[in-house]
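Chain and residue survey
Spelled out from the first residue to the last, the chains are:
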Amino acid sequence: MTFSFLSLELKQREADGLLRQRRVLQSPQSALVRVDGEDILSFCSNDYLGLANHPALVQAACEGAQRFGVGSGASHLVTGHSAAHHELEQRLAEFTGLPAALLFSTGYMANLGVITALLGRNDALFADKLNHASLNDAALLSRAMMMRYPHANLAVLERQLAASTARRKLVVSDAVFSMDGDIAPVPELLALCEKYDAWLLLDDAHGFGVLGKTGRGVLEHYPLLITHSPSRLIYMATLGKAAGVFGAFVAGAPELIAWLVQAARSYIYTTATPPMLAAALLESLRVIAAETWRRERLVELVDVLRHGLKLQHWQLMPSDTPIQPLLIGSSQEAVRVSESLCQRGILVPAIRPPTVPEGTARLRITLSAAHSVADVQQLVNALHELEIE
Ligand SMILES: *Cc1c(COP(=O)(O)O)cnc(C)c1O
């Protein structure tokens, strides 16, 4: 068997405007990035706070490498769990206000680990239709019955919960939806979990560091979570987005975390992340809490974009977060607009099916505290010019 059928599939994808391409970055992540020898204004990273190249984090990583080396050398349960990892877990628990936290290598692995450790064949998982792919993959791998409810539709979720006879029930939701930028109705989700005796897993990949005055994410956006819920809340967040480094963690009740250490296969059967990254993340937590201006800048930039953009055909979707999708509709049109922006020195990715539903191709504009007001103004002006063409 040869691979020639793959060439046909690739050609079809290209014809459908669905072929994905990688750009080679020659600079650190920033507002201006160097691609193919040219500086280009980027609105497509998840480096929301501009920390990926923050000098204090870079220095902490270097010192971490000097102290611990570059590799962890083993999994956490063998000899890969360093003092830096251990301290970071304690600080993450303090930072989130939850009893305990466990580091994972990536968010994808955290979601796989948690869901497969908690659910099996006789259990049920209830998922928002717009949840991140890693949550869906985890659900399949767990073999639990998976029910998806229309985006943020609490009435359908309640009907599904009420009808379920599963042994264990887990409601799963992005806290900030990654392709839409809206925030999940968490107090209502939690109330339903209490009423039907379910757990709630919140994936705060895009809220951690960004939401709340001190960056504690959705837990600070909806303060009731802290006062009210560790008993059924499973909080997950990633550390490679606003936190600027790499990795992820899960936080919640002590017995939950103790169980994950025993049973989360994506925690057990993998090499621990380099301790130097944990050292950088300890510095990142300090900067996230201390440099409140970064979140204030984000709020200002969202405002400049939303008030500045007056387009006839394309619409910004409702969102208060740094994820500001511009709905275009067809994949080909979205690619065309993205390419035209690129010719003007502005990078905004076209997000197409199957990442988003058919007919809702969009430009996913993401803002960062590394941007200036003038940067956002430049994007607004370019979009106005493009719509007239
Ligand atoms: C990015 C993301 C993940 C995966 O995190 P990684 O650390 O990149 O693997 C999981 N969930 C959501 C909602 C994400 O946006």
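Model, not experiment: these values are computed from the prediction. (Residues numbered from 1 in each chain as written. Predicted model: local features only at pLDDT ≥ 70, side-chain atom pairs only at ≥ 80, totals over all residues. Heavy atoms only, no water.)

1. With respect to the overall build of the protein chain
When its secondary structure is counted, the protein chain shows 16 helices and 14 strands. The C-alpha atoms of the protein chain give 21 Å as radius of gyration, which agrees with the globular expectation for 389 residues (21 Å, within 12%). Each of the three principal axes of the protein chain carries a C-alpha extent, and together these read 60 × 55 × 55 Å. In the protein chain, buried positions account for 54% of the 389 residues. Between the mean site of the 33 positive side-chain charges and the mean site of the 38 negative ones, the protein chain shows a separation of 5 Å. (Helix = DSSP H or I, 4+ residues; strand = E, 2+ residues; numbered from the N terminus. Rg over C-alpha atoms; globule rule 2.2 N^0.38 Å. Buried < 20%, exposed > 50% of the residue type's maximum accessible area, 1.4 Å probe, protein only. Lys, Arg positive; Asp, Glu negative; His and termini not counted. Charge placed at Lys NZ, Arg CZ, Asp CG, Glu CD.)

2. Focus on the sheet that holds strand β5 (residues 145-149)
What the seven strands build is an open sheet, ordered β3-β9-β8-β7-β6-β4-β5; its pairing is mixed. Since the sheet does not close on itself, it has two edges, and those belong to β3 (100-104) and β5, each with one partner. This sheet shows a mean twist of 20° between the axes of neighbouring strands, independent of strand direction. As defined by bridge partners, strand β7 (residues 199-203) adjoins strand β8 (residues 233-238) across four bridges and the pair is classed as parallel. Its bridge partner lying in β8, D203 is registered against M236. Those strands touched by helix α7 (residues 154-163) are β4 (124-128), β5 and β6 (169-174), and its axis lies near 155° from that of β5. (Pairing = 2+ DSSP bridges. Axes fitted to C-alpha atoms, helices over the stretch in contact; angles between N-to-C directions. Contact = heavy atoms within 4.5 Å.)

3. Examining the domain arrangement of the protein chain
Often the size quoted for an interface is simply the accessible area lost on bringing the parts together. Taken domain by domain, the protein chain comprises domain 1 (18-49 + 292-387) and domain 2 (55-290). One C-alpha centre belongs to domain 1, the other to domain 2; they are set 27 Å apart. Contact with domain 1, which involves 21 residues of that partner, is made by 24 residues of domain 2. Taken together, both faces of the contact between domain 1 and domain 2 bury some 1600 Å²; the carbon and sulfur share is 59%. Between D180 and R362 there is a salt bridge, with the nearest N and O atoms lying 3.1 Å from each other. Applying the counting rule to domain 1 against domain 2 returns 12 residue pairs in polar contact (both at pLDDT 80 or more). (Domains from an automatic or database assignment. Buried area = accessible area lost by both parts, 1.4 Å probe. Salt bridge = Lys/Arg side-chain N within 4 Å of Asp/Glu carboxyl O. Polar contact = N/O pair within 3.5 Å; in protein donor to acceptor, adjacent residues only side chain to side chain.)

4. Considerations on the site of the ligand
Among the 14 residues in the neighbourhood of the ligand, the closest are listed as G107, Y108, D203, H206 and K241. H132 has a polar side-chain atom sitting 3.4 Å from a nitrogen atom of the ligand. K241 is positioned such that a nitrogen or oxygen atom in its side chain is 2.6 Å from an oxygen atom of the ligand. Ranked by the residues each element gives to the shell around the ligand, the list is headed by helix α5 (residues 107-118), at three residues. Looking at side-chain class alone, the shell around the ligand contains two nonpolar, nine polar and three charged residues. (Near = heavy atom within 4 Å. Nonpolar A, V, L, I, M, F, W, Y, C, P; charged D, E, K, R; others polar.)

5. Some points on the environment of L386
Mapped onto the fold, L386 is located in helix α16 (residues 373-388). Note on L386: relative accessible area 2%, which makes it buried. The sequence separation of L386 and S340 amounts to 46 residues, and the corresponding C-alpha distance is 7.5 Å. For L386, the contacting residues outside a window of four places in its chain are W314, V337, S340, L341 and R344.

6. A look at the side chain of R352
Here R352 shows up in the loop between β13 (350-351) and β14 (361-366). Summary of buried charges: R352 has no salt-bridge partner, and the nearest side chain of opposite charge, E339, is 7.5 Å away. Engagement of the side chain of R352 in a polar contact is seen with the backbone oxygen of L19, the distance being 3.4 Å. Apart from the residues lying within four places of it in its own chain, the contact partners of R352 are G17, L18, L19, R20, S331, V335 and A361.

7. Looking at the packing of aromatic side chains
For the structure shown, the criterion picks out four aromatic pairs. When the centroid spacing of 5.5 Å and the interplanar angle of 65° are considered together, the rings of F95 and F208 count as edge-to-face. Note that F95 is positioned in helix α4 (residues 83-96) and F208 in the loop between β7 and α9 (218-221), a separation of 113 residues in sequence. On the basis of relative accessible area, F95 is assigned to the buried category, the value being 7%. Relative to F249, the ring of F208 lies with its centre 5.3 Å away and its plane at 70°, an arrangement referred to as edge-to-face. Taken together, the positions of F208 in the loop between β7 and α9 and F249 in strand β9 (residues 248-252) put the pair 41 residues apart, joining distant regions of the chain. Owing to a relative accessible area of 1%, F208 belongs among the buried residues under this scheme. Over the aromatic face of F95 sits the side chain of R216, whose NZ or CZ is 4.3 Å from the ring centroid. (Phe/Tyr/Trp six-rings, centres within 6.5 Å; stacked < 30°, edge-to-face > 60°. Lys NZ or Arg CZ within 6 Å of the ring centre and 35° of its normal.)

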